[in-house]
Amino acid sequence: MKSSAMTRFTNLPNYLAALCLLFSVVAAAADAPKKNGEFIDCKNDAGGKPEVACRFMLAGSPSIIELSVDFAGKTLATSNFAEYPAQGETTALLMLVDVSDPKRAKAVAAAADLIRQVMAKKQPHQDIAIAQFDGAMQLLVDFHADDKARTAAINSITSKGYATELYKNAIDAIGLLKKNSATRKGLIIFSDGKAEDRGYKHEDVINEAANAGVMIFTVGYAESASDTPYLQTLERLAKESGGLYAQSSIADKAAPVGTVERMLSYTENGGRIMIPVGEKFGTQEIKIAMKLEDNSTVDLVTTIDLPDQRAASKKFADDVRNNKFTVAGIVLLIIVLIAAAIWYRMRKKSQVEPVTTFALLEELSGQGAAFPLQKRANRIGRAADNDVCLANSTVSSYHAEIHIRRDGEIVISDLGSSNGTYVNDKKINQQAIEFGTVIEIGEVRLRLRRADDASAPR
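Rules used throughout
- Residues numbered from 1 in each chain as written.
- Predicted model: local features only at pLDDT ≥ 70, side-chain atom pairs only at ≥ 80, totals over all residues.
- Heavy atoms only, no water.
- 1 Å grid on protein atoms, 1.4 Å probe; cavity = no way out; pocket = protein on both sides within 12 Å on 5 of 7 lines; lining within 4 Å.
- Points joined across faces, edges and corners; volume = space filled by probe spheres on them.
- Helix = DSSP H or I, 4+ residues; strand = E, 2+ residues; numbered from the N terminus.
- Nonpolar A, V, L, I, M, F, W, Y, C, P; charged D, E, K, R; others polar.
- Core = buried A, V, L, I, M, F, W, Y, C linked by side-chain atoms within 4.5 Å.
- Buried < 20%, exposed > 50% of the residue type's maximum accessible area, 1.4 Å probe, protein only.
- Contact = heavy atoms within 4.5 Å.
- Pairing = 2+ DSSP bridges.
- Axes fitted to C-alpha atoms, helices over the stretch in contact; angles between N-to-C directions.
- Salt bridge = Lys/Arg side-chain N within 4 Å of Asp/Glu carboxyl O.
- Disulfide = S-S within 2.5 Å.

Colleague: Describe empty space enclosed by the protein, naming the residues involved and giving the relevant values.
Modeller: Applying the stated rule across the entire model yields one cavity of 30 Å³ or more. In this model, the largest cavity occupies a volume close to 40 Å³. Those elements that provide at least two residues to the lining of the largest cavity are β11 (245-247) and α7 (259-266). Element by element, the count of residues in the lining of the largest cavity is highest for α7, at three residues. The residue makeup of the lining of the largest cavity, split by class, is four nonpolar, two polar and one charged.

Colleague: An account of the nonpolar core is needed here, citing residue identities and associated values.
Modeller: Counting residues in each nonpolar core, the largest one holds 33 residues, and the members touching the most others are Met95, Val97, Ile115, Ile130, Phe190 and Tyr221. Contributions of two or more residues to this core are made by β6 (91-98), α2 (105-121), β7 (126-133), α3 (147-155), β9 (184-191), β10 (214-220) and α7. Not counting the four nearest positions on each side in its chain, phenylalanine 190 is found in contact with Met95, Leu96, Val97, Asp98, Ala111, Leu114, Ile115, Val219 and Tyr221. Grouped together as the second largest cluster of nonpolar side chains are 27 residues, Leu94, Ile171, Ile174 and Leu187 included.

Colleague: Help me get a handle on the sheet that holds strand β13 (residues 282-292), residues and values and all.
Modeller: Strand order in the open sheet formed by four strands is β4-β3-β13-β14, with antiparallel pairing between adjacent strands. Here the strands that pair on one side only, and so sit at the sheet edges, are β4 (74-76) and β14 (297-306). Across this sheet, the average inter-strand angle for adjacent strands is 25°, counted without regard to direction. Across seven bridges, the pairing between strand β3 (residues 64-71) and β13 is antiparallel.

Colleague: Give a description of unusual backbone geometry that names residues and reports values.
Modeller: Of note, the bond from tyrosine 84 into proline 85 is cis; its omega dihedral lies within 30 degrees of zero at 0°. Mapped onto the elements of the fold, proline 85 is located in the loop between β5 (81-83) and β6. The backbone phi angle of lysine 253 is positive, close to 65°, even though this residue is not glycine. Along the chain, lysine 253 falls in the loop between β11 and α7.

Colleague: I'd like to hear about the pattern of salt bridges, residue by residue, with values.
Modeller: A full pass over the atoms with the stated rule returns 16 salt bridges. As a salt-bridge pair, glutamate 89 and arginine 55 come within 3.3 Å of each other at their nearest N and O atoms. With glutamate 89 in the loop between β5 and β6 and arginine 55 in strand β2 (residues 51-58), this residue pair connects regions lying 34 residues apart in the sequence. Judged by its relative accessible area of 26%, arginine 55 falls in the partly exposed class. In this structure, lysine 287 engages aspartate 299 in a salt bridge whose closest nitrogen and oxygen atoms are separated by 3.6 Å. One end of the pair, lysine 287, is in strand β13; the other, aspartate 299, is in strand β14, with 12 residues separating them in the sequence. You can call lysine 287 buried: its relative accessible area is 19%. One salt-bridge network, in which partners are shared between bridges, spans Asp98, Arg104 and Asp192.

Colleague: Talk me through the state of the cysteines; I want residue IDs and the actual numbers.
Modeller: By the definition in use, this model includes one disulfide. With a sulfur-sulfur separation of 2.0 Å, cysteine 42 is cross-linked through a disulfide to cysteine 54. Sign of the S-S torsion, about 115° for the bond between cysteine 42 and cysteine 54, identifies this disulfide as right-handed. Separated by 12 residues along the polypeptide, cysteine 42 in strand β1 (residues 38-43) and cysteine 54 in strand β2 bring together distant segments of the chain. Side by side, cysteine 42 and cysteine 54 carry an identical accessibility label, which is buried.

Just geometry here; none of it tells us what the structure is for.
Here it is, written out as C-alpha cells:
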C-alpha cells in the first residue's frame, strides 16, 4: 500500500485557551470538492467503539487495485476494507418513465424493454421500483415487489398523458428514494426532456438529489432531430448529480450498447473501511488514496468531528503533557501579569495626586464657611451632588454654575433657578466675575476669593 505524509497538528489545552487568546487555535474544515459520482462519508457510528466507518464511491471508475488511508497524519493498515456491497448494504433504483404523449408510444415501449433488461441483470442487493409520469407520478411497484409484480408493472407502461411535469415528478421520485434506507440510491429517468413545469426548476431537482444522496441517470428519446436540444435537460440532470446520460437512436429508439450494464455497475465501486481512531478527538482529516486498474490515482479527502470522551482528569494530564512548553509559558505570563498588577496598585497608592484649588467661595452669612472650587466647572445648589452644596430653602436644587476657563476668566451662569442669581445686586443669566465679586444664590450671599487669600475663613 502507498502512504503519504501529513503535518500533525496538536490541539492546545481547552482550559488555558480561555485565559489567553494569543495561544488559542480554532480549526474549521470542509469536505474537499468531489468530481461527479465521487463521494466519501465518514461517521463515528461504531456502537461506542473507537472507530470511524467511512463509505466511499468512485462511480463508473475502474476497479481499485491499491488503497491507503491517512488519519490524523498517520498511514493506517487497510486490512479492514470491504468492497461494496458489504454485508447489509443495498442499492435502491427507481425507474421513472415519461408517458406524457401518445405519439411517443415507440419510445415508451423502448424504455419498458430497457427496464426488462435491467430486471434480468440486477444483483440480489439491488432493489428496483418502477413508476411512470405525465402531469403526476404513478408508482407501479415499490422496491420490495417480487419479479411477477415487476413484470406486470412493466407491461402496463403505456403513453397516455399530455403534460410533462418533468422536474416536479423527478423531485417526487427523489422523495421516495430519500425514505428508502438503502446505502446507495439512483433515479433512472426515461424521457424526451421536454419539461413543461412552471413552479419547479432544474436547480430544485439537483438540490433535492444532493440532499437525499441520489444520483440521477437519464436515457433520452428524441422523436426527431429537431427535438434533440430538449435532451440537454436530461444530460444536465445526470451530469450535475453525478450520474450517467445515454441518448437512444432517433430511428429505432435503441439505447447505446452497454447502457444497462453501465447503469447497474455505476454505483457498485468503492466500499467501506473501518478506521481506528484511538483517543483522537476534535476535527480530524481523513484521506483515502486509491490506485485504479488504469493506473490513475484518486484521493478522497474529508474531515470528521470526533467527541472527546476522556475523563476530565485524563484530559488535563494529556493537555499538560502534550503542551508542557505552552503551559509553562502561560503560567509564567500569568505570574508576570499578577506581579505587574500588584506593583501598579502599590505604586498608585503611594502617589497622592495634588488637588488644585482655583478659587474660594466665602459665605458672608451664617458661619462664614469657605467652599473650594477645584474643578473647571463647579455647580452650586441645594442637592447633595453639587460641588458647592447650600442647605437653604431659597436655593434651587441646581441653581448656578461657575466656570473657570483656562485663560483665567471666571464666568457664572444661572441654571434656571427659581429665585435667580445675582452679581453685585444685579440679576444675571451669565456674567464674567472677578475676585471680590459678591454673588447671591437665593438668600445666601457669597464672595469670590483667590485660593491663596489668607484673609479667607478656613
